[in-house]
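If you want the building blocks of each chain, they are given just below.
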Amino acid sequence: MSSTTPLLDRHPVEAVVTGIGDRLKDVRDVPVYALGTATTKAVLVEMVRVKAQLAELEARILAHGQSLQVEQDTGATSTATWWAHQTRQTKSVAHRIARLAAALATPRHEPVRVALADGDLLPDQAEVIIAALTALPEDLDPDLVDQAQAHLIGLAEQFDAQHLRILGRRILEVIAPEVADAHEAALLARQEREADQAATLRMSDDGHGQTYG
């Protein structure tokens, strides 16, 4: 990304994003063979944190673009669709990031956004945590939701997104076992009612003295 906008006239976010691009160009052709083992390991780990931080900033700007409806003068059906076309991303990828961006923009998921911005979460971990919180009972005490969110963010320091998803499915049992039992009972009762309602018995005569059901 490059810009001819004078530095003093730039928004801080624009200046940072432009600066990152310029700094990366500085090392585009720099050989890395001189990096020692310890430094290489440290840089590889730090790069993942930096990518997470960039992912949060990208999501925040994308959510802003959605609020501005930047696609209005292009004929695109959504901001994500416009963005996919402009950047040669697939629509599925662009829409996935847009969904994450919309969730991170809500007050409910502010702790997730901050953790991602600090590089303490990866984007797929953030998606898993948001999905786990969304699956909680709608009438759950907000304080318990906050506890679940904080607990999952803490677990993300040890577990990848795949394992975090498994843990997220049982998060209610961890923070409020009694609520989890009641919730499971309610779900089971609803499933039984739906099964009863869906159950049917049909009988038909084959015309030769036999009936089938």
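Cut-offs used in this document
- Residues numbered from 1 in each chain as written.
- Predicted model: local features only at pLDDT ≥ 70, side-chain atom pairs only at ≥ 80, totals over all residues.
- Heavy atoms only, no water.
- Helix = DSSP H or I, 4+ residues; strand = E, 2+ residues; numbered from the N terminus.
- Polar contact = N/O pair within 3.5 Å; in protein donor to acceptor, adjacent residues only side chain to side chain.
- Contact = heavy atoms within 4.5 Å.
- pLDDT = per-residue confidence, 0-100.
- Expected span 1.5 Å × (residues − 1).
- Patch = residues over 30% accessible without salt bridge, like charges linked within 9 Å, V, L, I, M, F, W, Y side chains within 5 Å.
- Areas by Shrake-Rupley, 256 points an atom, 1.4 Å probe, with all protein chains shown as cover.
- Salt bridge = Lys/Arg side-chain N within 4 Å of Asp/Glu carboxyl O.

**Regarding the side chain of S78**
- Among the structural elements, S78 can be located in the loop between α2 (37-68) and α3 (79-87).
- There is a polar contact of 2.9 Å between the side chain of S78 and the side chain of T81.
- If near-sequence neighbours (up to four positions away) are discounted, S78 is found in contact with E71 and H95.

**Points about the confidence of the model for the chain**
- Considering every residue of the chain, the mean pLDDT works out to 88; 87% of them sit at 70 or more.
- The secondary structure element of the chain with the lowest average pLDDT is helix α10 (residues 177-198), at 61, and the one with the highest is helix α5 (residues 110-117), at 98.

**Examining helix α4 (residues 91-104)**
- Its 14 residues place the ends of α4 20 Å apart at the C-alpha level, agreeing with the 20 Å of an ideal helix rising 1.5 Å per residue.
- Against the buried residues of α4 lie α2, α3, α5 and α6 (123-134).

**Description of a nonpolar patch on the surface**
- Together, V16, I20, L24, V27, V30, V50 and L54 make up a nonpolar patch on the protein surface, roughly 550 Å² of accessible area in all.
- In terms of residues, the nonpolar patch owes the most to one element, helix α1 (residues 12-26), which gives three residues.
- Tracing the backbone through its elements, the reader meets I20 in helix α1.

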